[in-house]
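Structural features, examined
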Amino acid sequence: MKFVGQSISKIDGMALVTGKPVYTDDIALKNALVVKLLRSPYAFAKIKSIDTSKAEQLDGVECILTYKDVPQARFTLAGQSYPEPSPYDRLILEDIVRYVGDEVAIIAAVDEKTALKAMKLIKVEYEVFEPVLDFEKAIGHTSVVHPEENLSTNFEIGLQKEKNIVASHRFEVGDVDGELAQCDVIVEETYYTQAQAHAMMETYRTFTYLDHMGRLVAISSTQVPFHIRRQLARALQIPASKIRVIKPRIGGGFGAKQTGGGDVFAALVTLKTGKPAKIIYDRQETFSCTTSRHAMRIKVKMGADKEGLIKALELQVLSDTGAYGEHASTVLGCVGEYTLPLYKAKARRITGHAVYTNKMPGGAFRGYGATQGTFAVESAVNKLAEKLGLDPAAVRLRNIVKAGDTLINYPNHPLGSSTLDQCILKGQELIGWKDKYPVRQVAPNKVRALGMAVTMQGSGIANIDTSTAEIRLNDDGNFTLLIGATDMGTGCDTILTQMAAEVLETSMEQIIVNAADTDISPYDPGSYASSTTYVAGMAVVKAAEDLKQQILAQGARYLEVSAQDAELDGNVVKTLKGDKEISLYQIAELSVLGTGRQQLVGHSTYGNEISPPPFVAGFAEVEVDLETGKAELVDYVAVVDCGTVINPSLARVQTEGGIAQGIGMALYEDVRYDQKGRMQTNSFMQYKIPCRKDIGTVRVFFESSFEPTGPFGAKSIGEVVANTPAPAIAHAVYNAVGVRVQSLPITPEKVFMGMQELARL
Amino acid sequence: MLINLSINGKDVRIDVAKDEFLADTLRAQGFLSVKKACDTSCCGLCTIWIDGKPTLSCSVLSIRADGKKLTTIEGLQQEAAEFAEVLTAEGAEQCGFCSPGFTMTVLAMKSELKNPSDDEIVHYLTGNLCRCTGYMGQLRAVKKYLEVLA
C-alpha cells in the first residue's frame, strides 16, 4: 500500500515545531477580556455571604459573577455522548463548594493583573462543613456531598446520593462462588491505584466571542467539540444552534480534555458582556481544579486448578470520583470491561461503587479504568503463577482469549483478531526472559529483575461511538475531507488522510483535511475511548469508497460507457479497453462548474456493535538499590497488537509516550492532599512527571494482526499502551527484593519498609 | 519602563512593567512560539536564547533583558525547519506544544557540544519536559539530526 502502513510525517508537524501560532491562546483576540476564577479555600462549605462591590469598582473590571448570576440547570462537564451517563450534579457556580478549588466567582477584566487584583477584593464568608476526604469512608459518612434535590441522571446508574454513592456496577457470567469453591489455588488481594494528573503541556484554555449573527463561538482546547456544544447549551440554557465550537491545534489531552474546562466561564462572560473573553487555567489550577485519574481500591479474587487453568475471577471496586461525578459510572464499568474478557475463566464477576468525596473530581484519563483494573488483575495473575510454581508467561499463554474465541462482552461475535500470544513470546525473547528471569545480582547493593503484564482495551465504544465523514471532490480536482475527530497531537488528521488517500489513489497533498468545527464538521463524538483510528477511520474509508464509486460513475458517464466498463486509475477514469480516458481534474471541473451540475460528495456514518480489543504484552527490567529501596527502570519492552499499523512512526511514539506515563504512575506520580483536603501536588515541583533522564530504555515492537472489521485491518492504540507498566514494574520489584507493593506508586519508602518487614520475619 | 531589546536581529524599544517577565513581553510583541506551561520554571517550553544562551524566558524580568540580544524560533526558521524535518519523521513532536522550546535547546546544543554521547544529549535537554512522547523518539531524532549535520 502506498500510504497505509507508511511512516508519513504529521501533516501539521512542520508548523508545530517551527512555532507557528496555531493554538488557542495564539489565535485569541488581543482585546479579549481576561477571565479568572475565585476558588474555594475549603473542601466543603456554604457561602454565607459574598461581597463583590469593591472589586466591581476597580478600574478595568468588566464584570464579576457569583452563584446569583448563573442559570439553574445542573449539568456535567464530562464529554460523553448523549444521554450522558454522568450525573447532572453541578452548576456553573453554586452557594455550596465541594472541594478546595471549587469555583466561587468569575472575574472578567481588561487584563490579568486587574482581574487578580479584583479577586483579592471579593469578600466571602463561609460556613464550613466536615469534608469527606477518605474515599473508603465515604459510604454512609455523616456528610453528604450532594444532598440537593435537583441532581439528576439520564438513566439508572445506581446513584444513592444520601450515601455518597454516585454509581454502582455489577456484571457476572457463570457461577463465581461455585467455581472458586472448587479451585486448587486462590489468590485474594487488595490493590490501590492512585489519582494521577494528566499534565498535558498546554493547560485548559478557551476563547469565546459573539459572531456577526450574535452566536456564541468558543475556540476551545478540547477533545470533544460536539460534547462541549451540548454542555454549553445545557449549562447556559441557550439553544445548541446558537453555539459554535472550534478546536484548533491542541497541546495534549490524554483524556483531560474529554472533560470541559473553563468553557462555561468564558462563555458566560461573553454572553453577559457581549465581549470577547478568554480563560487560561494556570498550571496550579490545572493540577488542582480540573480532573485526575480516579483513585481506586480493587479487591481481586482469582482461582485456578493445579495446572494453572484460571476458573474464576472476581473484582470488587471502589472508585473515588471526588466532588462531581464526571465519568464516574463509566470508568468504574471499564475496570471490568477491559480486564474480565482477557482470561477465559468460566466465571467472572465485577461489582463496585463510585463514591463522592470532597476532593477534585476524577475524570477521563488514558486507560479509563482499564489501567487501574490491569494493575490489580495482572498483579494477581503474577501472584497466582508464583503460587502455582508456574512461569507467569506460561499461565497467561494458557488462559488468554484468542482469535475466534468468544469475548464475554460480545457473545455473538467471535474475537476477530489477536496476536497476544505472539506478543508474549516475542517480548520474552526481547527482554531476555530465559537468561534474566527472575533476578540477578549486578552489584553488591543492586539487583536487577524482570516482571511482566498483558492488557487489552477497546476500539471505540460499542453501539455508542458513531462517526461521520464527508469527502468532496472540489472544482480543481482536489479533495476536502471533513471529519469531527480531534487531533490533539495524536496525528489523526494525518492517519485519516492516509486512509482516504489510499482509497482514492491520490496523494496526501491533494487532500485538504478540516477538523473540527461544529458548524462545519460532520458529527463525531471526539477523540477518546480509543475510537478515532477504528470508528472515524471506518467512516473515512467508507466515505472515500462512496466518493470513488461516484467518480467512477461520473467519469464513465462523460466517457459514454457504463461504470462496469471503466476504472479509476489514480488521476484518470479510463475505459477497461483503454481507448478513452478522462482526468480527475476534468471530471471535477465538469461536475462542479460545467454541465455535470453535481458536485460529488462521499459520505458515511459508521459505528459498530463491537469494540475490537488491541493488546499489549509489557516486560520490565528494573534495578533496585538494596540500601534505599529505590527502583529504576532499566529496560521496557512493549509488544503491541493494534491490528494493521497505519503509521508505524506515529504508533511507535504513541506507545512510547503511553509507556512513559505508565512508568510515572508506577514509580512516583501521585496526587496527594493534606488533612484539610488541600492538594499538595499542584505544581511540577511537587508532582513529578518523567523527565528525559527517568525513562531508561523503552523498546516498542508490533505484532500486527488483521482486524476484519477495522479500516485496513486496524484497531486502536491510544490507551492500551498505558496499562502494562505499573503491574510489570511491580512484578519486577517483587522479583528483585520480595516486596509486593500493592498500593501505587512504588516509592523507595514502600519498598524499603517492605524489605525491613521481610528482614524481621 | 522603556527598555531596548534586539529581537531576532531587529532593535526595538518597548514599554514594560517592572514586574513583567520576558515570556509575556515576547508574546505581547507577537512572538507566539514562546509558550508557558508550568509557572514554576521547570518545563522548558518558554526557552529562548539570550545573547545566544538558552534561557527560560518565563523567569527573566523583562527589565533585566534591557540591552540584550534575544532570539526566538521565529528568528531561526531555517534551522528550525531542518530539525523539524527529522523530528517529524520520527513522529516525535506529537502535540507540538513543547516543540519550539525544545528545538531552541537542541539548536543551542548543536553549537555548544561537539559529538555528544547519548548521555550528554539527554543531560543537555533534560530541562525540556514533554508529556506526549516518552522522549525516545526525540532522542532518535536528535541523533539523526546531528548525523545529518556531520
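Residues numbered from 1 in each chain as written. Chains lettered and ligands numbered in written order. Predicted model: local features only at pLDDT ≥ 70, side-chain atom pairs only at ≥ 80, totals over all residues.

1. Examining the overall build of chain A
- Along its length, chain A carries 19 helices and 31 strands.
- At 27 Å, chain A has a C-alpha radius of gyration in line with the 27 Å of a compact globule built from 761 residues.
- The principal-axis extent of the C-alpha atoms belonging to chain A is close to 90 × 70 × 50 Å.
- Within chain A, the proportion of its 761 residues that are buried is 60%.
- A fraction of 79% describes how many contacts in chain A between residues 6 or more apart in sequence connect residues 24 or more apart. (Helix = DSSP H or I, 4+ residues; strand = E, 2+ residues; numbered from the N terminus. Rg over C-alpha atoms; globule rule 2.2 N^0.38 Å. Buried ≥ 20, exposed ≤ 12 C-beta atoms within 10 Å, placed from the backbone. Contact = placed C-beta atoms within 7 Å.)

2. Focus on the environment of A:Glu621
All names here are of chain A.
- In this fold, Glu621 is placed in strand S29 (residues 615-625).
- Of the residues examined, Glu621 has 26 C-beta atoms within 10 Å and is grouped as buried.
- Residues Glu621 and Asp635 lie 14 residues apart in sequence; the distance between their C-alpha atoms is 5.0 Å.
- Sequence-distant contacts of Glu621, defined by excluding residues within four places in its chain, comprise Ile431, Lys436, Arg448, Leu450, Val634, Asp635 and Ala732.

3. A short note on the interface of chain B and chain A
- Taken residue by residue, the interface counts 41 residues in chain B and 43 residues in chain A.
- Sorting the residues of the side of chain B that touches chain A by element identifies helix H2 (77-89), helix H3 (99-112), helix H4 (118-125) and helix H5 (136-149) of chain B as the ones contributing at least two each.
- Classifying every residue of the side of chain B that touches chain A by side-chain character gives 23 nonpolar, 13 polar and 5 charged. (Nonpolar A, V, L, I, M, F, W, Y, C, P; charged D, E, K, R; others polar.)

4. Here we look at the domain arrangement of chain A
Residues and elements named next belong to chain A.
- Domain boundaries in chain A define domain 1 (27-129 + 199-288), domain 2 (132-197 + 292-399), domain 3 (418-453 + 612-761) and domain 4 (467-606).
- Put simply, the middle of domain 1 and the middle of domain 3, counted by C-alpha atoms, are 37 Å apart.
- Taken together, the contact between domain 1 and domain 3 spans 8 residues of the former and 10 residues of the latter.
- Here the residues of the side of domain 1 that touches domain 3 sort into 5 nonpolar, 2 polar and 1 charged. (Domains from an automatic or database assignment.)

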